[in-house]
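Coordinate inspection notes
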Amino acid sequence: MGDTTVTTTEGREEAVPRAVTAPARPGLRQRLRTPRRPRLWFEILLIAVSYWTYSLIRNAVPEQRGQALRNADWLWRLEHQLGIAVEQSVNHAVNSVTWLIVGMNYYYATLHFVVTLGVLVWLFRSHPGRYAATRLVLFATTGVALLGYYLYPLAPPRLMNGGGFIDTVMVHETWGSMASGDLKNMSNQYAAMPSMHIGWSLWCGLTIFALASVPWARVLGLLYPTLTLVVIVATANHFWLDAVGGVLCLCFGYVVASAWYGRVPYALPRLPEPRGEEAGSGRRRAGRAARR
């Protein structure tokens, strides 16, 4: 930008500096919506507090046993009408293979947490620009699931009266469910709808499929929620329709994150914009290099 000139009464031209308008600083909402590099200490604290809060609220839901059992009976009848009530057959068939059902019990107890945390760590390290938005999907999904536990208490198939289901954890004396055996007093046994095993595993699978660059990893991403669906049914912890509830909660999570960031989380840049101090130091380094 150059200087403008004006003519004075004496006929001389004088240079008048042209005003330079500083760019407008983005508002708070725009700054919050702009992906930033996540801070490790904050993420560890946030995840720990969020999971503690989720567990506290979930377990604080009154165990409405009578209503939960009535809802389970109604859901089981509905599945019969829809022709999808095969959970009992799957439960009995898999239970007949001891090593398989024991493995599924431990799968149900551990991978739900291990894989989800693993995907969060991978996002943090390899896709920091997409981390916050994808994490928001998970948080919104889990948050709306809490409403399901309050509004629709549901007994899992293994706790139904006369349902004929086998509680595989009790039979094989494994610790594959927080709601069975010695751990049953630590968890709400009637919070089966929606299934967060499905909500979280599908979140993991879609994230891996969308962002992984290795083909076999993308295939595993799709297999993980599929296998989880088989596990939750074979262990008699959920109905098929509980899984549908988990998928609907996940859809809500994606809507929330997409509305907040203006696009699907996976479409955001892999690397975030530098923070103000990082950008300033980068410009100073570039300026010093240019002067040399």
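Here's a quick rundown of the structure. The model shown is predicted, which means the values in this text are computed figures rather than measured ones.

Some thoughts on the overall build of the chain
When helices and strands are tallied, the chain shows 11 helices and two strands. Mapped from its N terminus to its C terminus, the chain presents α and β elements in the order β-β-α-α-α-α-α-α-α-α-α-α-α. A burial count over the chain gives 41% of its 292 residues as buried. Long-range pairs, those at least 24 residues apart, make up 80% of the contacts in the chain between residues at least 6 apart in sequence. When the accessible surface of the chain is totalled, it reaches about 16,300 Å², and 63% of it is carbon and sulfur.

As for the side chain of Thr 235
As for its position among the elements, Thr 235 is in the loop between α9 (215-234) and α10 (240-261). At 2.8 Å, the side chain of Thr 235 forms a polar contact with the backbone oxygen of Val 231. For Thr 235, the residues in contact, after removing those within four places along its chain, are Asn 91, Ile 101, Met 104, Asn 105, Tyr 108, Arg 158, Ile 166 and Thr 168.

Topic: a nonpolar patch on the surface
Taken together, the side chains of Val 214, Trp 216, Val 219, Leu 220 and Leu 223 present a nonpolar region at the surface, about 500 Å² in accessible area. Among the structural elements, Val 214 can be located in the loop between α8 (196-211) and α9. Assessed through its relative accessible area of 33%, Val 214 is described here as partly exposed.

Focus on the packing of aromatic side chains
Following the criterion strictly, the structure yields six aromatic pairs and no others. An angle of 85° between the planes, with centres 5.9 Å apart, marks the rings of Trp 41 and Phe 42 as edge-to-face. Ring geometry for Trp 76 versus Phe 239: centroids 6.0 Å apart, planes at 40°, classification tilted. Residue Trp 76 is located in helix α3 (residues 65-82), and its partner Phe 239 is located in the loop between α9 and α10; the two are separated by 163 residues in the primary sequence. Its relative accessible area of 13% is what places Trp 76 among the buried residues. What makes Phe 239 buried here is its relative accessible area of 0%. Members of the aromatic cluster, each reached through a chain of ring pairs, are Trp 76, Phe 165 and Phe 239. A cation sits over an aromatic face here: Arg 135 above Phe 139, 5.7 Å from the ring centre.

What about the pattern of salt bridges?
Here the structure, examined in full by the defined rule, presents two salt bridges. Of the charged contacts, one joins Glu 43 and Arg 135 as a salt bridge, the two residues approaching to 2.7 Å between their closest N and O atoms. On the criterion of sequence distance, the pair formed by Glu 43 in helix α2 (residues 40-60) and Arg 135 in helix α6 (residues 128-151) is long-range, its members being 92 residues apart. Arg 135 carries the same exposure label as Glu 43, and that label is buried.

Quick word on unusual backbone geometry
Across the junction of Met 193 and Pro 194, the peptide omega takes the value 0°, indicating a cis bond. Looking at where Pro 194 falls in the secondary structure, it is placed in the loop between α7 (168-172) and α8. One non-glycine residue, Glu 173, lies in positive phi territory at about 55°. Structurally, the position occupied by Glu 173 is in the loop between α7 and α8. Given a relative accessible area of 72%, Glu 173 falls into the exposed group. Of note, Ala 236 is a non-glycine position whose phi angle comes to about 60°, a positive value. The class of Ala 236 is buried, set by a relative accessible area of 0%.

The rules we used
- Residues numbered from 1 in each chain as written.
- Predicted model: local features only at pLDDT ≥ 70, side-chain atom pairs only at ≥ 80, totals over all residues.
- Heavy atoms only, no water.
- Helix = DSSP H or I, 4+ residues; strand = E, 2+ residues; numbered from the N terminus.
- Buried < 20%, exposed > 50% of the residue type's maximum accessible area, 1.4 Å probe, protein only.
- Contact = heavy atoms within 4.5 Å.
- Areas by Shrake-Rupley, 256 points an atom, 1.4 Å probe, with all protein chains shown as cover.
- Polar contact = N/O pair within 3.5 Å; in protein donor to acceptor, adjacent residues only side chain to side chain.
- Patch = residues over 30% accessible without salt bridge, like charges linked within 9 Å, V, L, I, M, F, W, Y side chains within 5 Å.
- Salt bridge = Lys/Arg side-chain N within 4 Å of Asp/Glu carboxyl O.
- Phe/Tyr/Trp six-rings, centres within 6.5 Å; stacked < 30°, edge-to-face > 60°.
- Lys NZ or Arg CZ within 6 Å of the ring centre and 35° of its normal.

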